[in-house]
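Notes for the structure review
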Amino acid sequence: MRLSVIGCGYLGAVHAAAMASIGHDVVGIDVDTDKVASLAAGRAPFYEPGLQPILEAGLESGRLSFSTDPAQVKGATVHFIGVGTPQRKDGHAADLTYVNAAVDALIPYLAPGDIVAGKSTVPVGTAADLAKRIAPTGATLVWNPEFLREGYAVKDTIEPDRIVIGIEAGSDGERAADLLREVYHTAVATDTPYIVTDLATAELVKVAANAFLATKISFINAMAEIAEVVGADVTDLADAIGHDERIGRKFLGAGVGFGGGCLPKDIRAFSARAEELGRGDSVAFLREVDAINLRRRDRVVDVLAEALGGAVYQKRIAVLGAAFKPLSDDIRDSPALDVAVRLHGFGARVRVTDPQAIDNARRAQPQLEYVADRADAIRDADAVVVVTEWDEYRREMTPAELAELTDGRIIIDGRNCLDAAAWRAAGWTYIGMGRP
Ligand code: UDX
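Residues numbered from 1 in each chain as written. Predicted model: local features only at pLDDT ≥ 70, side-chain atom pairs only at ≥ 80, totals over all residues. Heavy atoms only, no water.

With that settled, consider the site of the ligand. Within the structure, the ligand sits among 20 residues, and F147, L148, E150, G253 and K325 are positioned closest to it. Within the backbone of E150, a nitrogen or oxygen atom sits 2.7 Å from an oxygen atom of the ligand. The contact in question runs from an oxygen atom of the ligand to an N or O atom on the side chain of K325, over 2.9 Å. For the ligand, whose unbound accessible area comes to 670 Å², protein coverage reaches 90%. Considering each element in turn, the shell around the ligand owes the most residues, four residues, to helix α9 (residues 199-230). (Near = heavy atom within 4 Å. Polar contact = N/O pair within 3.5 Å; in protein donor to acceptor, adjacent residues only side chain to side chain. Areas by Shrake-Rupley, 256 points an atom, 1.4 Å probe, with all protein chains shown as cover. Helix = DSSP H or I, 4+ residues; strand = E, 2+ residues; numbered from the N terminus.)

As structure tokens, then:
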């Protein structure tokens, strides 16, 4: 099928390449000329495992192309909208500028029978408005939320754990939902749950899923706060409650908290939308979820200061990790980078390293010192802080390696990803999050 994808960021670029990899003819459209040039030349503009090979293969096959010209969408049967919906600068609501611009750009080229499938995360009610706007073209709007995780985006796109299609009652939606089965033919062939709902439900599914995940992480971080007072171990607690199938161990990783381009802004936008709907009380707990999450960043700074005798001022601190999570170069709302910025603000001499995210981090926070090699970050440091659980730190880094680089013997494990016993046995002051 011929498809277009508007927006070629973490979501759209992966979607375009993944759809080409399962046999479709795809054009990706973006207003960013550098991004389009990079994609068209076969260079993934960001780090996402598995994207590079499907990008190259798609371009080589002739089934995948990229352009800044929206006219190139002509002839596509389904047009996906995958642009960003960041937090507004003046508040917590979602900024719909890019979604509206994408729809404006599409409208002149839509033909009767075309399908516009929204994938961006939007405040509930947005899809119904957009449906009205595109109705005069004879195209049909459906909402098809995206659940991909960065780092696993290719797999999550090709093998999602569910497909949700929101359609408008009384529209051409049934036909659209059937056509999208053909688009997602590989996932449909493996009996992936295919859930057809109304537009509002589809929009809500996405924000509800992210609100739940954020709540789960903040729940365990709240337990970490209690554990810190009574000397309990939140990782053992998580293991123990996680054995209950109703609870499950996933997303019970206590530490420096969640970040990224989705969870933080999505829970804020959800709260803002609920307020507008007169139901702010229903999700008032999300404000607490956000507050618990942000407190974890302070906690890392506090335990570090305490371990260093009361202050981080003038201390040399190696910050291992800048990305909001491993397998990503994304630093949007990254707890790791935020911790580095806070330490710098308190007068610490911070050196930040990360296997993938240094360029993005430097652009966002140029005042910090960055080094590519973790040894250079650690050399002569008074303390080492692990804030992104890359395998490079979690599995490969040993107390012996660090002992050769520095006389400092303090390691803060902001992700509870290190072997506490091994570090302590080697003479280090090891401090985890919510652990004695
Ligand atoms: C998330 C959702 O998982 C995905 O379904 C949605 O489409 C987009 O938002 P992503 O932002 O890629 O995906 O990251 P995710 O893997 O969910 O992690 C989010 C944050 O939570 C990261 O900062 C991660 O480090 C943190 N996290 C995750 C924890 O602190 N503890 C955990 O146990 C799990």
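Further remarks concern the sheet that holds strand β10 (residues 349-353). Read from one edge to the other, the open sheet built from six strands follows the order β11-β10-β9-β12-β13-β14, with strand pairing classed as parallel. Both outer strands of the open sheet, β11 (369-370) and β14 (429-431), are each paired with one neighbouring strand and no more. Here strand β13 (residues 410-413) pairs with β14 via three bridges, running parallel. When the bridges of β14 are listed, I411 appears paired with Y430. (Pairing = 2+ DSSP bridges.)

Attention shifts here to the pattern of salt bridges. Under the defined criterion, the tally for this structure stands at 32 salt bridges. Where D90 meets R88, a salt bridge forms, and the shortest distance between an N and an O atom there is 2.9 Å. Under the relative-accessibility criterion, D90 is labelled exposed at 58%. Judged by relative accessible area, R88 falls into the partly exposed class, the value being 38%. The residue D391 makes a salt bridge to R395 at a minimum N-O spacing of 3.4 Å. Since its relative accessible area comes to 33%, D391 is described here as partly exposed. Owing to a relative accessible area of 59%, R395 belongs among the exposed residues under this scheme. Sharing partners across several salt bridges, the network here consists of R268, D290, R297, D298, D333, D338 and R342. (Salt bridge = Lys/Arg side-chain N within 4 Å of Asp/Glu carboxyl O. Buried < 20%, exposed > 50% of the residue type's maximum accessible area, 1.4 Å probe, protein only.)

Located in the positive-phi region is L327, a residue other than glycine, with phi close to 65°. In this structure, L327 sits in the loop between β9 (316-320) and α13 (335-345). Classification of L327 by relative accessible area gives partly exposed; the value is 28%. The phi dihedral of D380 is positive, around 65°, even though this residue is not glycine.

Turning our attention to the pairing of β9. A large share of β9 lies buried, amounting to four of its five residues. Regarding the hand of the β-α-β motif, the stretch spanning β9, α13 and β10 is right-handed. Bridge analysis of β9 against strand β12 (residues 383-386) gives four bridges, and the strand direction is parallel. Along β12, the bridge assignment pairs L320 with V386. (Right-handed = clockwise from strand over helix to strand, strands pointing away.)

Where interface size is quoted, it is often the accessible area lost as the parts come together. Per the domain assignment, the segments making up the chain are domain 1 (2-192), domain 2 (207-287) and domain 3 (291-431). Here the C-alpha centroids of domain 1 and domain 3 sit 37 Å apart. Residue-level contacts link eight residues of domain 1 with ten residues of domain 3. Summed over both partners, the interface of domain 1 with domain 3 buries about 740 Å², with 47% contributed by carbon and sulfur atoms. In this assembly, domain 1 and domain 3 are joined by one salt bridge. Among the ionic pairs, E150 bridges to R332, the shortest N-O distance being 3.3 Å. Joining domain 1 to domain 3, the criterion identifies five residue pairs in polar contact (both at pLDDT 80 or more). Among the residues forming the side of domain 1 that touches domain 3, the class breakdown is five nonpolar, one polar and two charged. (Domains from an automatic or database assignment. Contact = heavy atoms within 4.5 Å. Buried area = accessible area lost by both parts, 1.4 Å probe. Nonpolar A, V, L, I, M, F, W, Y, C, P; charged D, E, K, R; others polar.)

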